[in-house]
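# Understanding the architecture of this molecule
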Amino acid sequence: MHKLGSKVLVFSHNRCNPFNLRSFIHCIHTAVAASYQSIYHSNQLLNGLSKSGRVDDARKLFDKMPQKDEYSWNTMISGYVNVGRLVEARELFDGFSCRSSITWSSLISGHCKFGCKAEVFDLFRSMRLEGHKPSQFTLGSVLRVCSSLGLIQTGEMIHGYVVKNGFESNVFVVTGLVDMYAKCKCILEAEFLFKGLAFDRKNHVLWTAMVTGYAQNGDGRKAVEFFCYMHTQGVECNQYTFPTILTACSSVSALCFGEQVHVCIIRSGFGCNVYVQSALVDMYAKCGDLNSARTVLETMEDDDIVSWNSLIVGCVRHGFEHEALLLFKNMHGRNMKIDDYTFPSILNCCVVGSIDPRSVHDLIIKTGFENYKLVSNALVDMYAKTRDMICAYTVFENMFEKDVISWTSLVTGYAQNGSHEESLKIFCDMRLAGVNPDQFIVASILSACAELTLLEFGKQVHSDFIKSGLWSSRSVDNSLVAMYAKCGCLDDADTIFVSMEVKDVITWTALIVGYAQNGKGRDSLRFYDAMVSSDTKPDFITFIGLLFACSHAGLVDEGRRYFQQMNKVYGIKPGPEHYACMIDLFGRSGKLDEAKELLDQMDVKPDATVWKSLLAACRVHGDLELGERAATNLFELEANNAMPYVMLSNMYSAAHKWDDAAKIRKLMKSKGIVKEPGCSWLEINSRVHNFISDDRGHPRETEIYSKIDEIMVRIKEAGYVPDMNFSLHDMDKEGKEVGLAYHSEKLAVAFGLLAAPPSAPIRIFKNLRVCGDCHSAMKYISRVFARHIILRDSNCFHHFREGECSCGDYW
């Protein structure tokens with residue numbers, strides 16, 4: 001520049017020489033052109049290297065370039081962005097002082113593409129602070145992040161910026177807004193924006209965004225309707241539209257419409273597109289047309305693992321486990337790369353016994369999928385469903401990363417296998433681990449609470465679920481109805497029931513059974529009539545609850561009618577459980593002849609439940625001969641069950657056949673059979689207090705026994721007379737009275753009167769049936785002490801109020 005400046009000075013002093021001036025100007029033009037041509041060629045070469053992925057070579061050229069313009073910097077930054085080297089792109093970006101909107105957009109798009117969502121918003125914010133106006137592509141990138149993360153509030157802020165800065169008529173930006181609102185479950189807002197651009201017949205992305213939005217919002221039928229509208233408007237579909245509408249067809253089982261879409265696919269020339277073909281296989285498989293799914297799969301030029309997985313899942317879902325296994329073996333024979341979506345479907349075949357679980361587990365270990373979370377979760381679920389909780393827990397413990405699905409599989413497994421206490425412990429461990437429960441595990445835990453009648457724990461789970469903000473599901477609501485009903489809180493069960501928009505047979509059955517267990521059989525029948533009126537078809541379990549309600553309310557005629565309706569009206573063949581309820585109904589009503597007649601007419605072999613019902617009826621009505629028959633059958637069916645021995649012994653004792661009672665107890669002892677001790681418990685201030693008969697181990701023993709003495713005096717003054725038939729030991733009258741007074745449920749109610757708040761009901765739970773004497777005493781205690789006593793024995797609830805029981809003494 002110094003030499004050039006001196007030449008200018010020389011020429012300025014020689015104005016009289018025009019020839020030299022023209023030469024100088026020509027020299028300047030030549031130098032500038034040469035410099036421009038050099039940058040142009042360098043930029044072209046730089047662009048070629050970047051687009052071909054040779055980023056390191058491009059960087060070497062970039063560093064050697066004597067002169068760089070904005071294009072040079074943007075090209076190099078884009079090169080790094082395109083291959084995902086965002087750190088180097090950012091370093092180069094920070095070293096460029098003349099950044100433009102194009103530079104910012106390139107970096108923002110790159111972070112969006114490679115999932116660096118937080119950085120996208122930081123860059124967008126910094127870009128605006130520097131005074132650069134985002135382009136349509138920048139706004140599109142930011143909106144895509146909002147869509148993928150469901151950030152509706154941020155998306156709405158971007159929408160406001162769009163309107164303020166004149167982008168509301170930009171097709172590219174508005175299409176991004178439509179997609180964002182649709183994926184954020186704001187389909188009405190998406191519809192509003194769509195209508196403003198509906199004239200754009202060539203914008204496939206816009207129309208596809210709406211179809212996808214309906215499908216992802218669970219409105220498959222609306223997606224189908226919109227696709228038809230799209231077709232009538234002459235909008236051409238592409239390889240993105242067809243898979244979306246096929247997914248919508250799957251969600252609503254619209255097989256016929258899916259077949260019509262298949263015809264459109266062939267006519268449109270997308271029949272060989274692997275993504276479209278994969279969606280077709282999935283649609284046919286989910287709709288149950290496995291032959292068509294296999295046909296499409298066989299026409300595919302390449303083995304697509306997604307399509308094979310879809311067909312395997314379809315086979316398993318529709319009960320064709322053998323075909324699923326053959327497909328799996330075929331995949332293995334073709335040396336296809338099995339992925340972590342294949343094994344969960346095959347593990348489902350193990351649940352129905354089509355294949356040995358250990359062999360599949362061994363293959364998972366050999367192929368290296370043992371540590372894949374999806375596969376490990378499926379293993380836990382499979383072992384739990386096959387009742388191998390030891391293996392389920394072992395797989396769970398060895399998992400590197402556990403999510404809510406992992407915990408749910410284990411908790412549900414323990415609950416479904418009857419280990420309800422263990423399921424609650426695992427649930428508490430999950431909460432301590434910081435994992436938030438979802439609807440599935442909440443439903444399972446509430447069911448466990450119902451089985452254990454843990455009202456306070458169930459209330460805490462319910463409260464936490466409400467606070468979580470999760471949408472309630474039908475399974476959660478059904479579990480809540482069952483939990484509150486089985487814990488004796490019918491008002492709360494009713495509240496949940498009324499709040500449910502959609503009720504299924506499980507909902508109605510839970511309420512029918514709940515009212516029956518709480519001594520309100522006629523209300524159960526009323527709910528059954530309402531269920532039938534709502535066009536809800538009763539199932540096998542519904543009739544068990546209905547017949548249980550009849551048997552516990554003495555509704556013999558109604559029970560006969562419902563028993564006949566099962567097969568004649570609904571085509572449900574009675575099982576042992578239904579026969580047990582009918583025998584119990586006849587037995588409670590003293591109609592033992594009808595019970596014996598029904599027993600002889602059974603279409604199925606009587607199981608232990610049937611004989612237990614008959615034995616209990618014989619116990620009530622003192623039919624010793626028939627009771628001996630029932631007990632003898634139970635000795636064979638359940639050799640280690642103490643119940644028939646104890647029941648028969650009690651019958652002998654009640655008949656004053658002390659020698660026969662002693663023989664039964666001696667036989668029971670010789671076989672090593674131990675009677676489950678009677679136990680009653682109640683919860684006070686979040687602590688469970690247990691009592692057994694003549695219990696002397698409670699810290700407040702002295703107060704409790706003093707209270708028992710007071711109770712006995714006061715209820716005898718009110719008319720209570722001890723029932724000596726329930727004192728089953730050969731002793732004097734005074735000894736029998738003392739023995740009756742110290743039964744576990746009486747000790748529990750005495751403690752409840754001491755410790756429970758005066759206005760609160762006393763809730764007592766017993767592992768066995770409440771004895772007749774305690775039942776009578778509870779009625780007097782509720783009246784004399786003006787307390788609501790809720791006693792849940794092994795069979796049903798007893799609500800004692802003002803000297804009356806909800807069972808009407810028909811228990």
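Basis of the calculations
- Residues numbered from 1 in each chain as written.
- Predicted model: local features only at pLDDT ≥ 70, side-chain atom pairs only at ≥ 80, totals over all residues.
- Heavy atoms only, no water.
- Helix = DSSP H or I, 4+ residues; strand = E, 2+ residues; numbered from the N terminus.
- Rg over C-alpha atoms; globule rule 2.2 N^0.38 Å.
- Buried < 20%, exposed > 50% of the residue type's maximum accessible area, 1.4 Å probe, protein only.
- Contact = heavy atoms within 4.5 Å.
- Areas by Shrake-Rupley, 256 points an atom, 1.4 Å probe, with all protein chains shown as cover.
- Lys, Arg positive; Asp, Glu negative; His and termini not counted.
- Charge placed at Lys NZ, Arg CZ, Asp CG, Glu CD.
- Pairing = 2+ DSSP bridges.
- Phe/Tyr/Trp six-rings, centres within 6.5 Å; stacked < 30°, edge-to-face > 60°.
- Lys NZ or Arg CZ within 6 Å of the ring centre and 35° of its normal.
- Polar contact = N/O pair within 3.5 Å; in protein donor to acceptor, adjacent residues only side chain to side chain.
- Core = buried A, V, L, I, M, F, W, Y, C linked by side-chain atoms within 4.5 Å.
- Salt bridge = Lys/Arg side-chain N within 4 Å of Asp/Glu carboxyl O.
- Axes fitted to C-alpha atoms, helices over the stretch in contact; angles between N-to-C directions.
- Parallel < 35°, antiparallel > 145°, perpendicular 65-115°, else oblique.
- Right-handed = clockwise from strand over helix to strand, strands pointing away.
- Left-handed = near helix turned anticlockwise from the far one by under 90°.
- Nonpolar A, V, L, I, M, F, W, Y, C, P; charged D, E, K, R; others polar.

## So, the overall build of the protein chain
Scanning the protein chain for helices and strands turns up 43 helices and 6 strands. Here the protein chain has a C-alpha radius of gyration of 39 Å; the compact-globule value for 811 residues is 28 Å, and the former is much larger. With respect to the principal axes defined by its C-alpha atoms, the protein chain has extents near 150 × 60 × 50 Å. Taken over 811 residues, the protein chain has a buried fraction of 49%. In the protein chain, once contacts between residues fewer than 6 apart in sequence are set aside, the share between residues at least 24 apart is 60%. Carbon and sulfur atoms make up 53% of the accessible area of the protein chain, which totals about 40800 Å². Computed over 86 positive and 94 negative side-chain charges, the separation of the two mean positions in the protein chain equals 6 Å.

## Examining the sheet that holds strand S4 (residues 789-792)
One open sheet holds the 6 strands; their spatial order is S2-S1-S3-S4-S5-S6, and the pairing between them is mixed. The open sheet terminates on both sides in strands that have one partner only, identified here as strand S2 (687-692) and strand S6 (804-805). In terms of strand pairing, strand S1 (residues 679-684) meets S2 through 6 bridges, oriented antiparallel. Note that in S2 the partner of Glu 683 across the bridge is Val 688.

## As for the packing of aromatic side chains
Scanning all chains against the criterion turns up 27 aromatic pairs. Summarising the aromatic geometry, the rings of Phe 343 and Phe 369 are spaced 5.5 Å apart at their centres and angled 55° between planes, so their arrangement reads as tilted. Of this pair, Phe 343 sits in helix H20 (residues 342-351) while Phe 369 sits in the loop between helix H21 (357-366) and helix H22 (373-385); the two residues are 26 residues apart in sequence, bridging distant segments of the chain. Relative accessible area serves as the criterion here: at 10%, Phe 369 is assigned to the buried category. Chaining the aromatic ring pairs together yields one cluster made of Phe 194, Trp 207, Tyr 214, Phe 226 and Tyr 229. The ring of Phe 497 has Lys 503 lying over it, and the distance from NZ or CZ to the ring centre is 5.0 Å. Over the ring of Tyr 562 we find Arg 561, and its NZ or CZ is 5.0 Å from the ring centre.

## Some details on the environment of Lys 373
In this fold, Lys 373 is placed in helix H22. As a C-alpha pair, Lys 373 and Ser 406 span 33 residues in sequence and 8.3 Å in three-dimensional space. A distance of 3.3 Å separates the side chain of Lys 373 from the side chain of Glu 401, its partner in a polar contact.

## Points about helix H14 (residues 241-251)
Of all 11 residues in H14, 9 are buried; the element is thus mostly enclosed. Where H14 is buried, its residues contact helix H12 (204-216), helix H13 (220-232), helix H15 (255-268) and helix H16 (274-286).

## Quick look at the environment of Cys 349
Tracing the backbone through its elements, the reader meets Cys 349 in helix H20. Here Cys 349 falls in the buried class, since its relative accessible area comes to 0%.

## Some points on the nonpolar core
The biggest cluster of nonpolar side chains holds 211 residues, and the ones touching the most others in it are Phe 242, Ile 245, Phe 343, Met 483 and Leu 614. The dominant element in this core, judged by the number of residues it contributes, is helix H26 (residues 439-452), at 8 residues. Ile 245 has contacts with Val 211, Ala 223, Val 224, Phe 227, Phe 257 and Val 261, leaving out every residue within four places of it along the chain.

## Considerations on the pattern of salt bridges
A full pass over the atoms with the stated rule returns 26 salt bridges. Residue Glu 594 is joined to Arg 560 by a salt bridge in which the shortest nitrogen-to-oxygen separation is 2.9 Å. Within this pair, whereas Glu 594 is found in helix H35 (residues 592-601), its partner Arg 560 is found in helix H33 (residues 556-570), the two being separated by 34 residues in sequence. Classification of Arg 560 as partly exposed rests on a relative accessible area of 27%. One salt-bridge network, held together by shared partners, links Lys 373, Glu 401 and Asp 403.

## Here's the deal with the packing of helix H28 (residues 474-486) against helix H30 (residues 505-517)
Where H28 contacts H30, the two axes come as close as 9 Å, and the packing angle between them is 5°. Compared by their axis directions, H28 and H30 come out roughly parallel. Counting all contacts with H28, which are made through Asn 478, Val 481, Ala 482, Ala 485 and Lys 486, the residues of H30 involved are Ile 506, Thr 507, Ala 510, Leu 511, Gly 514 and Gln 517.

## Focus: the side chain of Asp 793
Inspection of the secondary structure assignment puts Asp 793 in the loop between S4 and strand S5 (797-801). Look at Asp 793 and you get buried, because its relative accessible area is 1%. Here Cys 796 takes part through its backbone nitrogen, which lies 2.8 Å from a polar atom of the side chain of Asp 793. When sequence neighbours within four positions are dropped, the list of residues in contact with Asp 793 reads Lys 766, Leu 768, Arg 769, Val 770 and His 798.

## A few points about the pairing of S4
Here is the key point about a regular strand: its side chains alternate between the two faces of the sheet. Neither face of S4 is left uncovered, since the one carrying Ile 789 and Leu 791 and the one carrying Ile 790 and Arg 792 both have all their residues buried. The sheet contact formed by strand S3 (residues 762-766) and S4 spans 4 bridges and is parallel. Paired with Ile 762 across the strands is Ile 789, a residue of S4. One crossover worth recording links S3 to the parallel S4 by way of helix H43 (residues 772-784), and it is right-handed. Where S4 lies against S5, 4 bridges are found, and the strand directions are antiparallel. When the bridges of S5 are listed, Ile 790 appears paired with His 799. Counting the residues in the hairpin turn of S4 and S5 gives 4 residues.

## Considering unusual backbone geometry
With phi around 50°, Thr 453 is a residue other than glycine that occupies positive phi space. With a phi close to 55°, Asp 694 is a non-glycine residue in the positive phi region. Mapped onto the elements of the fold, Asp 694 is located in the loop between S2 and helix H40 (701-717).

## Some details on the packing of H16 against helix H17 (residues 290-299)
Relative to each other, H16 and H17 sit at 165°, their axes nearing to 7 Å. One element, H16, and the other, H17, form an angle in the roughly antiparallel class. Classified by chirality, the crossing of H17 by H16 is left-handed. Residues Gln 277, Leu 280, Val 281, Tyr 284 and Ala 285 of H16 pack against Leu 290, Ser 292, Ala 293, Val 296, Leu 297 and Thr 299 of H17. Its residues placed into classes, the contact of H16 with H17 shows 8 nonpolar, 3 polar and no charged.

Keep in mind these numbers describe shape, not what the thing actually does.
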